[in-house]
Amino acid sequence: MFRLWAKEFRSNRMLRDMVVENASPELNRTKKIFAAMDEICYEFDLSKPIWLEHNIAEFKRIDKTRFTSDNFIESIRFDFLEIQVIEED
C-alpha cells in the first residue's frame, strides 16, 4: 500500500488535508506519486504544481516537499502545499 498525505497551510495553520492511497501493483513509485498528485489537485481545485529541482531533491531525500507560490502558475489561496509519503511497501 502506498499512501501520500497532502496538507495546505496558511499562517502556520493547516487549512485542510487528505490522504491518497494506491495499492496498484503495476504502477511504480513515480507513477503512484503523480497519480496521487492528480487526485489531490482535483480535490483541492488546484492547478498541478511544477516540480523544481529543490522539490525533487528534497522529496528523494526525505519523502516530503513543499510547493509554494513559485511552483504554481495560478495564484494560490494558501502559503504552501506539503506532501509526504506516509506508507510505502
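Reference entry: report on the structure contained in this document. (Residues numbered from 1 in each chain as written. Predicted model: local features only at pLDDT ≥ 70, side-chain atom pairs only at ≥ 80, totals over all residues. Heavy atoms only, no water.)

Attention now goes to unusual backbone geometry. In this structure, Asn 12 is a non-glycine residue whose phi angle is positive, near 60 degrees. The backbone of Asp 45 shows a phi angle near 55 degrees, a positive value even though the residue is not glycine. One can find Asp 45 in the loop between helix 1 (29-44) and helix 2 (53-62). (Helix = DSSP H or I, 4+ residues; strand = E, 2+ residues; numbered from the N terminus.)

This paragraph deals with the sheet that holds strand 2 (residues 13-22). In spatial order, the strands read 2-1-4-3; together these four strands make up an open sheet with antiparallel pairing. Strands at the two margins of the open sheet, each flanked by one partner only, are strand 2 and strand 3 (64-67). Between one strand and the next, the sheet's axes are offset by a mean angle of 20 degrees, whatever the strand orientation. In the sheet, strand 1 (residues 2-10) pairs with strand 2 via nine bridges, with the strands oriented antiparallel. Among the inter-strand pairings, Arg 10 is bridged to a residue of strand 2, identified as Arg 13. (Pairing = 2+ DSSP bridges. Axes fitted to C-alpha atoms, helices over the stretch in contact; angles between N-to-C directions.)

Read these as spatial facts, not as claims about activity.
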